[in-house]
Amino acid sequence: MMEALVGSISNAMLGSFQQQPDIARMIKTEPRSRPVFERFIARQQAKTAATIKANLPGMVDAMSNAYARRFTEAQLKEMQTFFETPTGRVYVAQSMTIMSDPDVAAWQAKVQSESIATLGTDAKEFVQELMALAPAKEAKQ
């Protein structure tokens, strides 16, 4: 399950980075950049896996609380009954891998790429807004 989750996150990250024009151009025009990029992705995958593994107990607690808020005890028992069926076991085994399906991964990469594309401008605007507050604060003192 953890491998599927890390794989999904990594595939989305990889797709997002590869869609960045500067990175795509560098990988295409400078052959030595591909191994550097691949090492970066491998390091990020390892860090993500370690972070998820270290935080897995907290995720179990959080998920337990989330399910308890959303479902009655009777509904949870019905789900358990379903998960004990052959179809339920297949669903549980495959559900995490759905996020790494090529169509889902492509969608995630597209959304992340769009988000990253505006991040620089948004960050600049944020810093400008903060800087605009500094003189007003100093003037009041």
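Predicted, not measured: the structure shown is a model, and the values here were computed from it. (Residues numbered from 1 in each chain as written. Predicted model: local features only at pLDDT ≥ 70, side-chain atom pairs only at ≥ 80, totals over all residues. Heavy atoms only, no water.)

Draft legend 1. Region of interest: the pattern of salt bridges. Across all of its chains, the model carries three salt bridges by this definition. Between Glu38 and Arg34 there is a salt bridge, and its shortest N-O distance comes to 3.8 Å. Taken together, the residues Glu38 and Arg34, both in helix H3 (residues 33–70) and four residues apart, mark about one turn of the helix. (Salt bridge = Lys/Arg side-chain N within 4 Å of Asp/Glu carboxyl O. Helix = DSSP H or I, 4+ residues; strand = E, 2+ residues; numbered from the N terminus.)

Draft legend 2. Main features of the confidence of the model for the chain. Taken over all residues, the pLDDT of the chain has a mean of 80, while the share at 70 or more is 82%. Of all helices and strands in the chain, the one with the weakest mean pLDDT is helix H1 (residues 2–18) (66), whereas helix H4 (residues 73–83) scores best (96). (pLDDT = per-residue confidence, 0-100.)

Draft legend 3. Focus on the packing of helix H2 (residues 21–29) against H3. Between H2 and H3, whose axes approach to 7 Å, the crossing angle comes to 130°. Of the possible angle classes, the one that applies to H2 and H3 is oblique. Together, Ile23, Met26 and Ile27 of H2 and Ser33, Arg34 and Phe37 of H3 make up the contact between the two elements. Class assignment for the residues of the contact of H2 with H3 results in four nonpolar, one polar and one charged. (Axes fitted to C-alpha atoms, helices over the stretch in contact; angles between N-to-C directions. Parallel < 35°, antiparallel > 145°, perpendicular 65-115°, else oblique. Contact = heavy atoms within 4.5 Å. Nonpolar A, V, L, I, M, F, W, Y, C, P; charged D, E, K, R; others polar.)

Draft legend 4. Expanded view of H3. If you check H3, its first and last C-alpha atoms are just 48 Å apart, much less than what 38 residues at 1.5 Å a residue would give, namely 56 Å. Remark: the principal bend of H3, roughly 55°, maps to Leu56, with a proline, Pro57, within the next four residues. For H3, the full list of buried residues reads Ser33, Phe37, Ile41, Gln44, Thr48, Ile52 and Ala66. (Expected span 1.5 Å × (residues − 1). Bend = angle between axes of the 7 residues up to and from the residue. Buried < 20%, exposed > 50% of the residue type's maximum accessible area, 1.4 Å probe, protein only.)

Draft legend 5. Seen up close, the packing of aromatic side chains. Inspection of the entire model under this criterion finds four aromatic pairs. Plain terms: the ring middles of Phe82 and Phe83 are 5.4 Å apart, the flat faces sit at 55° to each other, and that makes the pair tilted. What makes Phe82 partly exposed here is its relative accessible area of 37%. Relative to Tyr91, the ring of Phe82 lies with its centre 6.5 Å away and its plane at 50°, an arrangement referred to as tilted. In this structure an aromatic cluster arises from ring pairing among Phe82, Phe83 and Tyr91. (Phe/Tyr/Trp six-rings, centres within 6.5 Å; stacked < 30°, edge-to-face > 60°.)

Draft legend 6. Examining the side chain of Ser33 more closely. Relative to the assigned elements, Ser33 resides in helix H3. With a relative accessible area of 13%, Ser33 lands in the buried category. Apart from the residues within four sequence positions on either side, Ser33 is in contact with Met26 and Ile27.

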